[in-house]
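Structural overview for review
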Amino acid sequence: MSERPQFLGYLRPDGRIGVRNYVLVVPTVICASVVCERIAAASPDEIVALPHLAGCGQIGPDRGMTQDTLIAYCGHPNVGAVLVVALGCEQIIAQELAEAARRAGKPTEIVAIQALGGTPATIARGIEIATAFANEIGRAERVPCDIATLVLSLKCGGSDYTSGLAANPALGRVADRLVALGGAAVLGEVAEIMGAEHLLAARAARPAVAAQLIRLVDRVEAEAFALGLDIRGTQPSPGNIRGGLTTIEEKSLGAVHKGGEQSTLEEVVPYAGRVTRPGLTVMDTPGLDVESVTGMVGGGAQVVVFTTGLGTPTGNPVAPVIKITGNAQTARRMADNTDLDVSAVLTASQDLDEAATRLFDEVLAVCSGKRVAAERLGHREFAIHRRNPTI
Amino acid sequence: MNSALVISGRDNVATALEMLEPGRALDLGGRHVVVRDRIPPGHKVAIESIASGQAVLKYGSAIGTAVSDIAAGAHVHVHNLASSRGRGDLHQGPVHPLAEPDV
C-alpha cells in the first residue's frame, strides 16, 4: 500500500495531525479581542489571534456554542501552542480554554487584562509569551502523514450557475476519493441542503442519521416559519439570482454536489462539534460563509475547499481555505483570491475527473505547507454563530 | 462547447452556457427548442411548456413551482418560478414576536 497519498503534516502529542503550526492567541470575550490582535501582530506568520464578538451577555445555547467553539480551536491540530487572554469578569472561563489546550499536549498560558493592570502591560507580557511559544513550536518538523488523517471542510459561497456544474462536482469527487481512502469530509450550511435533503438522506449510514438530517433541515425551515418571514430575501442571495439561480432548492441541489455522490453520510453534528467518523458528516451551521467555515474548522477540519462562482476572499485564522472557481471570468477578475480555476470543465469540455485530480493534488500540496491565496492576503476571518439576542 | 446544458433527462429546463438570443434554435441532445427570450449565461430556458402550478425540474429534482404558464423557449427565473421552501410569509400559524419589533 505504498501508493497511498501522503502529505507532510505535524504530529501532535494527542495523536491528531496538523497541516499548520500556529501559536493561537484566544480572547475569552470581545473585550480582550483587540489585545489579542496586538499580540499576534508581533509575528503574523507564526502567531494568530481569534478575535470574536461574544463571551459575555450570552445565555443558554449561545454561551455553550461560544465556549465549545473556543475550546475546539484551543485543541485544534493546526495549533501548536495557546495563549488565552482574559479580561477578568466575563462568563467564559479562561481556565477551561487553557485546559482544552493542555489536554491536547500544547504549551499553554493565561494572561488577564484586569490582573496585569491594563492594555499595554498585557500586550507586552502576551508578546513575550507568544514569541517564546513560537520559538518552541517552530522546532517541530513536518512528517509524512496518511491521507486518512484528513478532515476536509466542504464549502461554497458566492455561488452562480458554474458552481453546481463544475466546481462543486469536482470537489464532490475529491470528497468521495478522500472518503474512499479512509478520510473524512464535513458539509455545513443547512439552509443550503433544503430542497436536496432527500439525496443526502438516501446516503445515510443508518436510519437514525437520515432522520437527524431531515429534522435539522426542518428546524431551519421552521425558524423561517416562526418569524413569519420569506427566506427568499437571503436564499438565494441577490448575487445568486443575478447569476441565474432562482430558488433555494436549485441552489441546494447544486451545493450538495460538494458532498460527492458515493460517500456515506455517517453523522450529523452540532456547530463546531468534533467530526469523529471517517466518511461524510453534516454539521449544523448557518449559510453565512465565515460562521460556517469557523464551525467546520472548529469541528477538526484541517483544510477547507471553498468553491465560488462570483469570487470571495474568506479565510480562517488556523486553516488554509483553498478557493476554486468554475467561472472563467471570475478566475481572471479575482485572480488574486483564486487558487484553482476549473472553468475548462464548461468552456473546453474538460473532464470533471481531471479537474478533481488537480484539486486533490492541490489539497495535498496545501496540507504539506503550500500557502493559499487567503493566507498570502492575510484573510483570517472568524465569527462564532449565535442564535439568540445578546442579553 | 455546448450553448446550453440539460443536466438530467427528467429536467424541463436547460442552463444557458452563453448568451442566447430570441430565435436561436437549440439542439440539446435530440431535444429541440427555439429560444423566445434573451437568456444570459447561467440562466434557465424552458425546454418544454410548463403549466402554472407544475414543478420545474433541474438536476432531476424539483427546484420550485411555475407561478404562470411557461412556454418552451422562455426564460425561467424569479418572474415565473417560485420556491416552495422556507416560505414563512405563506405559513399559517403563530408568528414569533421577534418578527414584528415594537420599537
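Re the overall build of chain B
Scanning chain B from terminus to terminus reveals 0 helices and 9 strands. With 103 residues in all, chain B has 45% of them scored as buried. In chain B, once contacts between residues fewer than 6 apart in sequence are set aside, the share between residues at least 24 apart is 42%. For chain B, the exposed area adds up to about 5,100 Å²; of that, 52% sits on carbon and sulfur atoms.

Quick look at the state of the cysteines
Residues and elements named next belong to chain A. Evaluated as defined, the whole model comprises 0 disulfides over all chains. A disulfide-free cysteine, Cys367 has its sulfur positioned 9.5 Å from the sulfur of Cys145, the nearest such atom. When its relative accessible area of 0% is taken as the criterion, Cys367 is described as buried.

Quick look at helix H2 (residues 60-74) of chain A
The terminal C-alpha atoms of H2 of chain A lie 22 Å apart, and with 15 residues this matches the ideal 21 Å at 1.5 Å per residue to within 8%. Contact partners of the buried residues in H2 of chain A: strand E3 (22-27), strand E5 (79-86), helix H3 (94-103) and helix H11 (289-298) of chain A.

Topic: the nonpolar core
Residues and elements named next belong to chain A. Membership of the largest hydrophobic core comes to 73 residues, with the highest contact counts inside it found for Val282 and Leu359. The biggest single contributor to this core is helix H6 (residues 161-180), with 10 residues. The residues touching Val282, leaving out its near neighbours within four places in the chain, are Leu187, Ile193, Leu200, Leu213, Leu216, Leu265, Glu267, Val268 and Val269. Counting 31 residues, the second largest nonpolar core, distinct from the first, contains Val84, Ala100, Ala101 and Ala272.

Observations concerning the confidence of the model for chain B
Residue and element names in this part refer to chain B. Summarising the model, chain B shows a mean pLDDT of 87, and 82% of its residues fall at 70 or more. Taken together, the stretch residues 96-103 has pLDDT below 50 and engages in 5 contacts with residues farther than four places along the chain or on a different chain. ipTM for the predicted complex: 0.87, alongside a pTM of 0.92.

Things to note about the sheet that holds strand E7 (residues 143-146) of chain A
Residues and elements named next belong to chain A. Taken in spatial order, the 3 strands make up an open sheet running E2-E1-E7, and their pairing is antiparallel. Bordering the open sheet on either side are strand E2 (17-18) and E7, each of which pairs with just one other strand. Two elements, strand E1 (residues 6-11) and E7, share 4 bridges in a ladder whose sense is antiparallel. Residue pairing for E7: Gln6 is matched across the bridge by Asp146.

Brief notes about the pairing of E5 of chain A
Residue and element names in this part refer to chain A. With 8 of 8 residues buried, E5 lies mostly within the body of the structure. Note: E3 against E5, 6 bridges, orientation parallel. Bridge assignment links Val25 to a residue of E5, and that residue is Leu83. A crossover links E5 with its parallel partner strand E6 (residues 108-112), the connecting element being H3, and its sense is right-handed.

What about the pattern of salt bridges?
Enumeration according to the criterion identifies 21 salt bridges over all chains in this entry. Where Glu197 of chain A meets Arg85 of chain B, a salt bridge forms, and the shortest distance between an N and an O atom there is 2.7 Å. Here Glu197 of chain A, found in helix H7 (residues 197-201), pairs with Arg85 of chain B, found in the segment after strand E9 (81-82), and the two come from separate chains. Exposure class is identical for Glu197 of chain A and Arg85 of chain B. Each is buried. In this structure, a network of salt bridges that share partners links the residues Lys155, Glu189, Lys258 and Asp289 of chain A.

Re the pairing of strand E9 (residues 184-187) of chain A
Residue and element names in this part refer to chain A. Across the two faces of E9 the burial is the same, with Ala184 and Val186 and Ala185 and Leu187 all buried. In this sheet, E9 lies alongside strand E8 (residues 151-156) in parallel orientation, the contact comprising 4 bridges. Across the sheet, residue Val151 finds its bridge partner in E9, namely Ala184. With H6 bridging E8 and its parallel neighbour E9, the resulting β-α-β unit is right-handed.

Some words on unusual backbone geometry
Residue and element names in this part refer to chain A. Residue Glu189 is not a glycine yet carries a positive backbone phi of 55°. You can see Glu189 is positioned in the loop between E9 and H7. A positive phi angle is found at Ala272, which is not glycine, with a value near 65°. Structurally, the position occupied by Ala272 is in the loop between strand E10 (265-269) and strand E11 (279-283). The class for Ala272 is buried, based on a relative accessible area of 7%.

Calculation notes
Residues numbered from 1 in each chain as written. Chains lettered and ligands numbered in written order. Predicted model: local features only at pLDDT ≥ 70, side-chain atom pairs only at ≥ 80, totals over all residues. Heavy atoms only, no water. Helix = DSSP H or I, 4+ residues; strand = E, 2+ residues; numbered from the N terminus. Buried < 20%, exposed > 50% of the residue type's maximum accessible area, 1.4 Å probe, protein only. Contact = heavy atoms within 4.5 Å. Areas by Shrake-Rupley, 256 points an atom, 1.4 Å probe, with all protein chains shown as cover. Disulfide = S-S within 2.5 Å. Expected span 1.5 Å × (residues − 1). Core = buried A, V, L, I, M, F, W, Y, C linked by side-chain atoms within 4.5 Å. pLDDT = per-residue confidence, 0-100. Pairing = 2+ DSSP bridges. Right-handed = clockwise from strand over helix to strand, strands pointing away. Salt bridge = Lys/Arg side-chain N within 4 Å of Asp/Glu carboxyl O.

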